[in-house]
Amino acid sequence: MPGFAQANDLQAWQQLQSHHSELGKNIVLKEYFEEDPQRFERFSRTFHNEADKSETLFDFSKNFITDETLKLLVQLAKEAKLEELRDDMFAGKKINFTENRAVYHVALRNVTNQPMEVDGKSVVEGVNEVLEHMKEFSEQVRSGKWKGYTGKKMNTIVNIGIGGSDLGPVMVSEALKPYGDRNLKLHFVSNIDGTHMAEALRDSDPETTLFLVASKTFTTAETTTNANTAKNWFLGHAKEASHIAKHFVALSTNEEEVTKFGIDKKNMFGFSDWVGGRYSVWSAIGLSVCLFIGFDNFHEFLAGAHSMDKHFKETPLEENIPVLGGLLSVWYSDFFGAQTHLVSP
Ligand SMILES: O=P(O)(O)OC[C@H]1O[C@@H](O)[C@H](O)[C@@H](O)[C@@H]1O
């Protein structure tokens, strides 16, 4: 496995620095377009989504770049061994060297069931089992077959989680709102400040509320505190601890802590430590999204990402949309000192 070089030790980095100084600070995009009528064609790529046959245009012609910039950025990626690291990632190798783990969220959206393994063991079956569980559960909740402790259908979902166990699902459920079930209220509680939970509970009925305790480790202070608040609130109404089973599920890798909290392991949706927090919306952590938009749409969401994974894996760097997007971030943050980078639809 290739190691990680310091980016600024690479030859292309020095060249990019000189190139940046030569370009100067007064780049006028209007002039670039006037000088080169083909600029849009040269600095745009189209992603062909094999999942739904749609096309997405990636237009990066309005960036502060020239042919030389693109050439040097791609050279930088090559010198940094991006291709080797990408291939190692897809091969399930432990490129997360600080934790000695694979970085394998791509296996969560492997909808064509390509062989994928970590430590010589296939992960395909385990991923599909959890997806099957998510399908069955989300269909029961959405249809009303899953009933609360007084026999009512669920109409409120409260996801309790923070960081990757919150932000991914928040962003995706917001973005995919048009596909959402408008009869289902969705709350995401992350903040340790009690107001966040208090506001969600104010809007919830214990008889019809389902809590998703989302935590990869199940030891995160904010999440366990908020989950205990929710449990106490619920038990204040339902009284019987046995009713928890109908109203609390866990999305986690830590069965021991989940059980200690009082959630039955059959109501646990698991995933593996090779899922990084920031990518976990593709795992069981995405259950809130799945409940909101339905399993079929959730599966399409996975299929679209799988198609993008294929593009990332097989496309030369010059044509590779996620690589180009990443390199532009390097260009702006490291050479222009930009602190924000807008990507707009
Ligand atoms: O899902 P957990 O284990 O509760 O962790 C929540 C977040 O905790 C943060 O400390 C991590 O930096 C994030 O990556 C993570 O998503």
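Computed from a predicted model, the values in this text were never measured in an experiment.

Caption draft 1: Highlighting the overall build of the protein. From N to C terminus, the protein includes 14 helices and nine strands. Along the first, second and third principal axes, the C-alpha set of the protein runs to 70 × 45 × 40 Å. Counting only residues that meet the buried cut, the protein has 46% of its 345 residues in that class. Expressed as a percentage of contacts within the protein between residues at least 6 apart in sequence, the contacts between residues at least 24 apart total 66%. When the accessible area of the protein is evaluated, it comes to approximately 17600 Å², of which 51% is carbon and sulfur surface. Both charge centroids of the protein, one from 36 positive and one from 48 negative side chains, sit 5 Å from each other.

Caption draft 2: Here's a closer look at the packing of aromatic side chains. Evaluation of the coordinates by the stated rule reveals 20 aromatic pairs. Pairing Phe58 with Phe60 gives two aromatic rings, centres 5.3 Å apart and planes at 25°, and the pair type is stacked. Across this residue pair, the class does not change: Phe58 and Phe60 are buried. Ring plane angle 50° and centroid distance 6.0 Å describe the contact between Phe90 and Phe312, whose orientation is recorded as tilted.

Caption draft 3: Up close: the site of the ligand. Close to the ligand lie Ile162, Gly163, Gly164, Ser165, Ser215, Lys216, Thr217, Thr220 and Gly277, which account for all nearby residues. Between the ligand and the protein, one listed contact pairs an oxygen atom with a backbone N or O atom of Gly164 at 2.8 Å. Measuring from an oxygen atom of the ligand, one finds a side-chain N or O atom of Ser215 at 2.6 Å. For the ligand, whose free accessible area comes to 390 Å², the fraction covered by protein is 59%. Partitioned by chemical class, the residues of the shell around the ligand number one nonpolar, seven polar and one charged.

Caption draft 4: Representation of the environment of Gly286 within the structure. By the secondary structure assignment, Gly286 is in the loop between β9 (268–270) and α12 (287–293). In sequence terms Gly286 and Asp166 are 120 residues apart; their C-alpha atoms lie 9.3 Å from each other. Other than its neighbours up to four places away in sequence, Gly286 contacts Met134, Ser280, Val281 and Phe298.

Caption draft 5: Layout of the pairing of strand β6 (residues 185–189). As defined by bridge partners, strand β5 (residues 156–160) adjoins β6 across five bridges and the pair is classed as parallel. Pairing of Thr156 across the sheet is with Lys185, part of β6.

Caption draft 6: Local environment of the domain arrangement of the protein. Each domain of the protein was delimited in the assignment, giving domain 1 (7–104 + 305–335) and domain 2 (132–293). Centre-to-centre separation of domain 1 and domain 2, based on C-alpha positions: 37 Å. Between domain 1 and domain 2 lies a buried interface of about 420 Å² when both sides are counted; carbon and sulfur atoms form 63% of it. Of all residues in domain 1, Arg101, Tyr104 and Ala305 give up the largest surface area on contact with domain 2, accounting jointly for 78% of the area buried on that side. Applying the counting rule to domain 1 against domain 2 returns one salt bridge. Its salt-bridge partner being Arg101, residue Asp273 comes within 3.5 Å of it at the nearest N-O pair. Along the contact surface separating domain 1 from domain 2 lie one residue pair in polar contact (both at pLDDT 80 or more).

Caption draft 7: Focus on the side chain of Ser61. For Ser61, the location among the structural elements is in the loop between β2 (55–59) and α4 (67–79). In this structure Ser61 comes out as buried when scored by relative accessible area, which is 0%. In this structure the side chain of Ser61 is engaged in a polar contact, spanning 3.4 Å, whose partner is the side chain of Lys62. With residues near it in sequence (within four places) discarded, Ser61 still touches Leu29, Phe33, Arg39, Phe40 and Phe43.

Caption draft 8: Structural view of the pattern of salt bridges. This model, assessed by the stated rule, comprises 22 salt bridges. Residue Asp59 is joined to Lys62 by a salt bridge in which the shortest nitrogen-to-oxygen separation is 2.6 Å. Between Glu174 and Lys177 there is a salt bridge whose closest N-O contact spans 3.4 Å. Bridged by salt links that share partners, the residues Asp36, Arg42 and Asp67 form one connected network.

What counts as what
- One numbering rule holds for all chains: residues counted from 1, following each sequence as written.
- A pLDDT threshold of at least 70 governs which residues receive local features in this predicted model, and a stricter bar of 80 or more applies before side-chain atom pairs are shown or counted, although totals over entire chains, interfaces and linings include all residues.
- Computation of side-chain values covers all heavy atoms of the structure but excludes hydrogens and water.
- Working definition: helices are DSSP H or I runs of at least four residues, strands are E runs of at least two. Numbering for both runs from the N terminus.
- We call a residue buried when its accessible area falls under 20% of the maximum for its residue type, exposed when it is over 50%, and partly exposed in between, using a 1.4 Å probe and counting protein chains only.
- Contact criterion: two residues are considered in contact whenever any of their non-hydrogen atoms come within 4.5 Å of each other.
- Reported accessibility uses the Shrake-Rupley method at a 1.4 Å probe radius. Residues are deemed covered only where the shown protein chains occlude them.
- In this charge count, Lys and Arg are treated as positive and Asp and Glu as negative; neither His nor the chain ends contribute.
- A single reference atom marks each charge: NZ on Lys, CZ on Arg, CG on Asp, CD on Glu.
- The criterion for an aromatic pair is that two Phe, Tyr or Trp rings (for Trp, the six-membered ring) have centres within 6.5 Å, with stacked assigned to planes under 30 degrees apart, edge-to-face to planes over 60 apart and tilted to the rest.
- A cutoff of 4 Å decides nearness: a residue is near a molecule or strand if any of its heavy atoms lies inside that distance of it.
- Counting of polar contacts relies on pairs of N or O atoms within 3.5 Å, with two restrictions inside protein: one atom must be capable of donating a hydrogen and the other of accepting it, and residues adjacent in sequence are counted only when both atoms are side-chain atoms.
- Gly counts as polar in this scheme, as do all residues outside two lists: the nonpolar Ala, Val, Leu, Ile, Met, Phe, Trp, Tyr, Cys and Pro, and the charged Asp, Glu, Lys and Arg.
- When DSSP finds two or more bridges between a pair of strands, those strands are recorded as paired.
- Note that the domain bounds reflect an automated or database-derived domain assignment.
- Here the quantity called buried area is the accessible surface, traced with a 1.4 Å probe, that two parts lose on coming together, added over both.
- The term salt bridge refers to a side-chain nitrogen of Lys or Arg lying within 4 Å of a carboxyl oxygen of Asp or Glu.

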